[in-house]
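Single-letter residue listing:
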Amino acid sequence: MNYIGIDIGGTNLKAGLVNDEGSILAMEKRKIAEVSDQKALVEALVALTQSLTEKGGLTPEQIRSVGVGVPGAVEIHSGAVLYTCNLPLRNVPLRKLFHRYLPYPLYVENDANCAALAEYYAGAGKGSKRFVTITLGTGVGAGILHNGQIYHGANGMAGEVGHMSIVYHGEPCPCGRRGCWERYASASALKRLTARAMEEHPGSILCRVVAENNGKVSGQSAFIAAREGDPVGQSVCDEYIGYLAAGVTNVVNIFQPDTLAIGGGVSNESDEQLLLPLQRLVEQESIPCNRDKRTRIVKAQLGNNAGIIGAALLGKRKLRK
């Protein structure tokens, strides 16, 4: 059978046609800016579903279910979006609205949980009993799995680690708090750190790197400059990894997973520049334990497709029960 997974990101709506083995057969993408309200969102989901069915050369009967990953809190039983921090979505009865257009079973889940589910079954979490993914994107999200089951908490909102405060009275966050981890460790935060360093050091290699990229600051800019021996770029990387390690250490101390995987575009940097210094800092700062019982900190393996694959797997798991 075939399944459709849709990942609602801070920038794009990404959708994929996925088979039983978790392989993506076809993909579609559109800008989230085109989605102005809940009606436009549902119409976009319907259009993506229909387009992928046609692109895959399938009949509607060959689509078993549709899964949607949302960057925020959801009500999994009713299939509703309760709240998103970075998008104007509040109390959207997504399943109910979707079924006005198409009859497929629709499953709704937090996007970080979708990514974690995909990695658990098909990526970095294989063989783990207790597994956490940290996804670094527009914000910071986490998916927590215990023996293959997503941990939702009492109200379905578990895993919002991006909104734990790591700097008391720090930078304001759209959620209403100050000093949230995602204000310091998201890809967006890395770009802000980079831009600030450029203002303070206009003659740096970092400024040249950005100029050569048509003046666009990216999450790679500081790492590229650091590889060229730029102390300004290295300083941005060190500061960013320090903030990242502060939150990862908190997660390790609280959940003590077998494996913790870092995903998102930032995780594509080399082990020497990102993963190894992160591992060293977390080992120094986390609660001591026997070496063979320490949390393994690794890179996620499925890249930007994890959210799509995980969203599709929601239906596969439900329909097999």
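Provided above is the structure to which this section pertains.
This report concerns the structure included in the present document. (Residues numbered from 1 in each chain as written. Predicted model: local features only at pLDDT ≥ 70, side-chain atom pairs only at ≥ 80, totals over all residues. Heavy atoms only, no water.)

### Some details on the pairing of strand β1 (residues 2-8)
- For β1, the buried fraction is high: seven of the seven residues fall into the buried class.
- Side chains Asn2, Ile4, Ile6 and Ile8 project from β1 onto one buried face, and the interleaved Tyr3, Gly5 and Asp7 project onto a second face that is buried too.
- Taken together, the seven bridges between β1 and strand β2 (residues 12-19) define a ladder with antiparallel strand orientation. Residue pairing in the sheet places isoleucine 8 in a bridge with leucine 13 of β2.
- Taken together, β1 and the strand that follows it, β2, pair antiparallel across an intervening segment of three residues.
- Two elements, β1 and strand β4 (residues 63-70), share six bridges in a ladder whose sense is parallel. Across the sheet, aspartate 7 pairs through a bridge with glycine 69, a residue of β4. (Buried < 20%, exposed > 50% of the residue type's maximum accessible area, 1.4 Å probe, protein only. Helix = DSSP H or I, 4+ residues; strand = E, 2+ residues; numbered from the N terminus. Pairing = 2+ DSSP bridges.)

### Considering the sheet that holds β1
- Here five strands make up an open sheet; going across it, the order is β3-β2-β1-β4-β8 and the pairing mixed. Only two strands of the sheet have a single partner each, and these edge strands are β3 (24-31) and β8 (106-110). Across this sheet, the average inter-strand angle for adjacent strands is 20°, counted without regard to direction.
- The pairing of β2 with β3 spans seven bridges and is classified as antiparallel. Its bridge partner being in β3, glycine 16 is matched across the sheet by methionine 27. (Axes fitted to C-alpha atoms, helices over the stretch in contact; angles between N-to-C directions.)

### Observations concerning helix α8 (residues 231-255)
- Its 25 residues give α8 an end-to-end C-alpha distance of 36 Å, which sits within 8% of 36 Å, the value for a rise of 1.5 Å per residue.
- Among the residues of α8, the N-terminal cap falls to aspartate 230, whose side-chain oxygen and the backbone nitrogen of valine 232 are separated by 3.2 Å.
- Where α8 ends, the next residue or the one after it, glutamine 256, has phi of about 45°, a positive value. (Expected span 1.5 Å × (residues − 1). Polar contact = N/O pair within 3.5 Å; in protein donor to acceptor, adjacent residues only side chain to side chain.)

### Some remarks on the packing of α8 against helix α9 (residues 271-285)
- Where α8 contacts α9, the two axes come as close as 9 Å, and the packing angle between them is 50°. Taken together, the axes of α8 and α9 lie oblique to each other. Considering only the axes of α8 and α9, their crossing is right-handed. Judged by residue contacts, Ile241, Gly242, Leu244, Ala245, Ala246, Val248, Thr249, Val252 and Asn253 of α8 engage Gln273, Leu274, Pro277, Leu278, Leu281, Val282 and Glu285 from α9.
- Of the residues in the contact of α8 with α9, the class split is 11 nonpolar, four polar and one charged. (Parallel < 35°, antiparallel > 145°, perpendicular 65-115°, else oblique. Left-handed = near helix turned anticlockwise from the far one by under 90°. Contact = heavy atoms within 4.5 Å. Nonpolar A, V, L, I, M, F, W, Y, C, P; charged D, E, K, R; others polar.)

### Some details on a nonpolar patch on the surface
- The grouping of Tyr151, Ile254 and Phe255 at the surface amounts to a nonpolar patch, some 310 Å² of accessible area in total.
- You can see phenylalanine 255 is positioned in helix α8. (Patch = residues over 30% accessible without salt bridge, like charges linked within 9 Å, V, L, I, M, F, W, Y side chains within 5 Å. Areas by Shrake-Rupley, 256 points an atom, 1.4 Å probe, with all protein chains shown as cover. Salt bridge = Lys/Arg side-chain N within 4 Å of Asp/Glu carboxyl O.)

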